[in-house]
Amino acid sequence: MSKKNILFVMADQLRADYLSCYGHPKLQTPAMDWLASRGVRFDRAYVQATVCGPSRMSYYTGRYMSSHGSTFNGVPLRVGEMTIGDHLRPLGLRTALVGKTHMAADIEGMRRLGVAPNSIEGVLASQCGFEPYERDDGLWPDQVVPEDLPYNRYLRSLGYNVENPWHDYANAGRDEAGDVQSGWYLRNAGLAAEVKEEHSETAYMTDRAMDFMREAGDEPWCLHLSYIKPHWPYIAPAPYHDMYSADDVIDAVRDPSERENPHPVLGAYMQHEESLNFAKDEVRRLVIPAYMGLIRQVDDHLARLWRFMEEHGLFENTLIVVTSDHGDYLGDHWLGEKEMFHEQSVRVPMIVYDPDAAADATRGTSSDLLVAAIDLAPSFVEFAGGTPPDHILEGQSLLRLTRAQGAIAPEEWRSAVVSECDYAFRGARLQLGTEPSRSRAYMVRTERWKYIYFEGYRPQLFDLVEDPDELVDRGEDPTLEPVRELLRERLFDWIRTRKMRVTISDAEVERRTDNHKQRGFYFGVW
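So, here's what we can say about the structure. (Residues numbered from 1 in each chain as written. Predicted model: local features only at pLDDT ≥ 70, side-chain atom pairs only at ≥ 80, totals over all residues. Heavy atoms only, no water.)

1. Quick notes on the packing of helix 1 (residues 30-38) against helix 13 (residues 281-311)
Next, step 1: Relative to each other, helix 1 and helix 13 sit at 50°, their axes nearing to 7 Å. Accordingly, the angle class assigned to the pair helix 1 and helix 13 is oblique. Residues Pro30, Ala31, Met32, Trp34, Leu35 and Arg38 of helix 1 pack against Arg296, Asp299, Leu302, Ala303, Trp306 and Glu310 of helix 13.
Next, step 2: Tallied by class, the residues present in the contact of helix 1 with helix 13 amount to 8 nonpolar, no polar and 4 charged. (Axes fitted to C-alpha atoms, helices over the stretch in contact; angles between N-to-C directions. Helix = DSSP H or I, 4+ residues; strand = E, 2+ residues; numbered from the N terminus. Parallel < 35°, antiparallel > 145°, perpendicular 65-115°, else oblique. Contact = heavy atoms within 4.5 Å. Nonpolar A, V, L, I, M, F, W, Y, C, P; charged D, E, K, R; others polar.)

Shown next, in the form of structure tokens:
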């Protein structure tokens, strides 16, 4: 395999259990299921942050949120943090983006270093290391929509002649009276989006991905195809808007006891507007079918992309990953959105197709080993023929698992995953009266336990064997203090061993250790 490509597909806010290959009883996702039948489905994949921006920065840098420092949406990724593109371009791969990154550029850092934003270096630093073949973060209210948004230009060229067709057509519908109703409002989730399906965001981004592959030709590439949906606004074009009904909505995973004496931070989150609305059954019955339709639409366009790739012989040399940046509560645990650490929010789908013959033994299998978003960057580097820089990347290459010739025990791989949350920007912090610098939480998830440490508040603890739905918080159970102490120590160990010396490798440290006399430096000598 002389030429190697990487296709890194992300669908924003896609829950793992909303794919049929992960067990959803009503929603069929044949394209993603088909890829899983040719690769490995990881059943315990976790993101390192449960919000778009910081989660993606962990995917792109291969580093924990505390390490890369972009802790919430709009918090810039500091200039100098190496990303997938920085690791892959020296290996000969053109690294490009179609879709969303939610990256905020470190403009102040670039200005301090004299990096012009329109220079090659400035563009890459501003775009998270990707060539922005088609960047579109997909949330464009009238107040912030850029004048030159390519998707809006595309829609206007097709006759959608309004100032912001992203909103008025792609994310709005018409009621029975013929009036335009915004998809921003959950009550309109059952309407069909005004845009024709073949002109929707999902269809358009798939088209642009194929445009890139055609243009790249024989040049090796890494393409990040980052779908905007099924992230809200929850509104789908026909026929996906009514493909599913309230009868297809599975029961919420929640119990009244969760609201009777909630953890203070969770209790504050339950008072957010999205949580109060998703706590209502009528809201869930209206919105979730639209969410399901958006997922099926992504899946159908992936099927179209798979056919294109087969026609062009790309499955023979392209590593393909399908995943998400976080899940969606959809009313489970009396919450909306994401951010906290229940499985619905922190666990994501992770399907990896490795074209190498060394992966033949694992095709069509599933793995319950604990894997992480930060594992993709070293996987990509290894696949491209490089050596992952272990002093920078904090994950492990998944190729060790896709190319395994036998079972790998958890102790040989990873015994815990860590995720983080910075809720300083959220209304919950104001309700709690917590300082921004102390509005932090950390999750440690092992084979059996999930421990959550909140700065300034009591911890949470869930027994995932006895209580897989996480309905009984054991954070104050006195009989489990030894378990909590052990997991606190695991968290402290993680904090101490993050990779912070990123400018010099361990091999170079070894080379320089205790050799000062050979270099002519004598100190403390009699």
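2. Structural notes on the nonpolar core
Next, step 1: Counting 66 residues, the largest nonpolar core has Leu7, Met213, Trp306 and Met309 as its most contacted members.
Next, step 2: Ranked by residues supplied to this core, first place goes to helix 13 with 13 residues.
Next, step 3: Excluding its chain neighbours within four sequence positions, the residues that come into contact with Met213 are Leu7, Trp221, Leu223, Leu305, Phe308, Met309 and Leu314.
Next, step 4: Counting 65 residues, the second-largest nonpolar core is a separate cluster that includes Phe8, Leu97, Cys128 and Ile392. (Core = buried A, V, L, I, M, F, W, Y, C linked by side-chain atoms within 4.5 Å. Buried < 20%, exposed > 50% of the residue type's maximum accessible area, 1.4 Å probe, protein only.)

3. Quick look at the packing of aromatic side chains
Next, step 1: Taken as a whole and judged by the stated rule, the model has 22 aromatic pairs.
Next, step 2: When the centroid spacing of 5.2 Å and the interplanar angle of 85° are considered together, the rings of Tyr60 and Phe130 count as edge-to-face. Residue Tyr60 is located in helix 2 (residues 52-61), and its partner Phe130 is located in the loop between helix 6 (120-126) and strand 4 (131-135); the two are separated by 70 residues in the primary sequence. Accessibility assignment for this pair places Tyr60 and Phe130 in one class, buried.
Next, step 3: One aromatic cluster is present, built from ring pairs that chain together Phe8, Tyr59, Tyr60, Phe130 and Phe380. (Phe/Tyr/Trp six-rings, centres within 6.5 Å; stacked < 30°, edge-to-face > 60°.)

4. A closer look at the pattern of salt bridges
Next, step 1: Inspection of every chain in the model, using the stated rule, returns 47 salt bridges.
Next, step 2: The salt bridge involving Glu134 is made with Arg208; its shortest N-O contact spans 2.8 Å. Of this pair, Glu134 sits in strand 4 while Arg208 sits in helix 9 (residues 201-216), and the two are 74 residues apart along the sequence.
Next, step 3: For Arg208, a relative accessible area of 19% gives the class buried.
Next, step 4: Between Arg363 and Asp360 there is a salt bridge whose closest N-O contact spans 2.9 Å.
Next, step 5: Residue classification places Arg363 among the partly exposed residues on the basis of a relative accessible area of 26%.
Next, step 6: Among the charged side chains, a network of salt bridges with common partners joins Asp12, Arg56, Lys100 and Asp325. (Salt bridge = Lys/Arg side-chain N within 4 Å of Asp/Glu carboxyl O.)

5. Quick notes on the sheet that holds strand 11 (residues 347-353)
Next, step 1: Ordered by their spatial adjacency, 8 strands build an open sheet running 4-3-8-1-10-11-2-12, and the pairing between neighbours is mixed. Unpaired on one side and paired on the other, strand 4 and strand 12 (365-372) mark the two borders of the sheet. For this sheet the average axis-to-axis angle between neighbouring strands, irrespective of direction, equals 20°.
Next, step 2: As paired elements, strand 3 (residues 94-99) and strand 8 (residues 221-227) share 6 bridges and run parallel to each other. Note that in strand 8 the partner of Thr95 across the bridge is Cys222. (Pairing = 2+ DSSP bridges.)

6. Some words on the sheet that holds strand 13 (residues 416-422)
Two modes of strand pairing occur in sheets, parallel and antiparallel, and in both the strands are linked by backbone hydrogen bonds.
Next, step 1: As summarised here, the arrangement of the 4 strands in space is 13-14-15-16, forming an open sheet in which the pairing is antiparallel. Here the strands that pair on one side only, and so sit at the sheet edges, are strand 13 and strand 16 (460-463). Direction aside, the axes of adjacent strands within the sheet are offset by 10° on average.
Next, step 2: With 5 bridges joining them, strand 14 (residues 440-446) and strand 15 (residues 449-454) adopt antiparallel strand pairing. From the neighbouring strand, Arg445 faces strand 15, where its bridge partner is Lys450.
Next, step 3: Helix 19 (residues 481-497) contacts strand 13, strand 14, strand 15 and strand 16 of the sheet and is inclined by roughly 110° relative to strand 14.

7. Topic: a negative patch on the surface
Next, step 1: Together, Asp142, Glu147, Asp148 and Glu163 make up a negatively charged patch on the protein surface.
Next, step 2: Here Asp148 lies in the loop between strand 4 and helix 7 (150-157). (Patch = residues over 30% accessible without salt bridge, like charges linked within 9 Å, V, L, I, M, F, W, Y side chains within 5 Å. Areas by Shrake-Rupley, 256 points an atom, 1.4 Å probe, with all protein chains shown as cover. Lys, Arg positive; Asp, Glu negative; His and termini not counted. Charge placed at Lys NZ, Arg CZ, Asp CG, Glu CD.)

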